[in-house]
Amino acid sequence: MKHILILLTFICSLPVFGQHHFIGFRGGVSLTNVHFSNNLIEGDFQRRFHGGISYEYRINKKFHLMCDLMYDQKGYSTEFRYTDVNGNPTDSVTARHNFEYISLPIKTGYRIGNQLSGFLNLGAVPAVLTNSTVLVPAVPGISEEERINATEDLRRFDLVGLVEIGGDYTLHDRFVIFASGTYTHSLISYVLGPGFEARHYGVMLSLGVRYALGGKK
């Protein structure tokens, strides 16, 4: 967490006065899953939430730099099936694996247009895991509901690559509203057991608003 705060302070220590700096908020829905290294288990997508502070520096009319400070939920679900002594299926439950990160997306991109613009961003996202739980529903007559805290068993740091595409519209010279879709994929894995690793991936759908510091863009 300390490294993320130091990096955020460095990036945002650019002069805050002038027509090229924008600050605001963004948030939305994430559809997340994981890739397992051994292919023995398949995860299903979960719908999660992300939101936080958004900063943009426009180098010129075409190129920009961005950094966000985000609360980022991730997760996936797995199905466990119960069988009788003869191997016949009797019941099943869906366990939900939830992760909460503080992340710092750092992006550079290219835009087309002026008041109405389209943009494409590439970036990397250092992130720190703050909490992870596994929710296993009860099975009548077999087991009770379980909530397992897995935070201490997992790698606390993640590094994610991203590709983002979207558009924005400028209102009254200073306010910019935007929408984007982002594909993310972890560049490093976390270990679930010997020879058993996983990497997050998913799609983020975001809406947001930014305010120009110092005048017209």
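Up top is the structure.
Keep in mind it's a predicted model, so treat the numbers as computed, not measured. (Residues numbered from 1 in each chain as written. Predicted model: local features only at pLDDT ≥ 70, side-chain atom pairs only at ≥ 80, totals over all residues. Heavy atoms only, no water.)

1. Some thoughts on the nonpolar core
And then number 1: Within the largest apolar cluster, 11 residues are counted, these being Val 34, Phe 36, Tyr 76, Phe 99, Tyr 101, Ala 127, Leu 129, Leu 154, Tyr 190, Phe 196 and Ala 198.
And then number 2: Counting only elements with at least two residues in this core, the list comes to strand 1 (21-36), strand 4 (89-103), strand 6 (116-136) and strand 11 (196-213). (Core = buried A, V, L, I, M, F, W, Y, C linked by side-chain atoms within 4.5 Å. Buried < 20%, exposed > 50% of the residue type's maximum accessible area, 1.4 Å probe, protein only. Helix = DSSP H or I, 4+ residues; strand = E, 2+ residues; numbered from the N terminus.)

2. Section: the packing of aromatic side chains
And then number 1: Applying the stated rule across the entire model yields 6 aromatic pairs.
And then number 2: Consider the rings of Phe 99 and Tyr 190, whose centres lie 5.5 Å apart with planes at 55 degrees: the pair is tilted. Of this pair, Phe 99 sits in strand 4 while Tyr 190 sits in strand 10 (residues 190-193), and the two are 91 residues apart along the sequence. Tyr 190 matches Phe 99 in its accessibility class, with the two residues each being buried. (Phe/Tyr/Trp six-rings, centres within 6.5 Å; stacked < 30°, edge-to-face > 60°.)

3. A short note on empty space enclosed by the protein
And then number 1: Considering all chains together, one arrives at 3 cavities of 30 Å³ or more under this definition.
And then number 2: Considering only enclosed or pocket space, the largest cavity measures out at about 160 Å³ in volume.
And then number 3: Lining the largest cavity are 16 residues, and of these Pro 105, Val 125, Leu 162, Thr 184 and Met 204 lie nearest its centre.
And then number 4: Counting residues per element, the ones that place at least two in the lining of the largest cavity are strand 3 (63-83), strand 8 (157-171), strand 9 (175-186) and strand 11.
And then number 5: Counting residues per element, the lining of the largest cavity draws most heavily on strand 3, which supplies 4 residues.
And then number 6: In the lining of the largest cavity, the residues fall into 6 nonpolar, 4 polar and 6 charged.
And then number 7: Of the volumes computed, that of the second largest cavity is approximately 60 Å³.
And then number 8: For the second largest cavity, the full set of lining residues is Ser 30, Thr 32, Asp 72, Gln 73, Lys 74, Thr 184, His 185, His 200, Tyr 201, Gly 202, Val 203 and Met 204. (1 Å grid on protein atoms, 1.4 Å probe; cavity = no way out; pocket = protein on both sides within 12 Å on 5 of 7 lines; lining within 4 Å. Points joined across faces, edges and corners; volume = space filled by probe spheres on them. Nonpolar A, V, L, I, M, F, W, Y, C, P; charged D, E, K, R; others polar.)

None of the figures reported here should be taken as evidence of function without further support.
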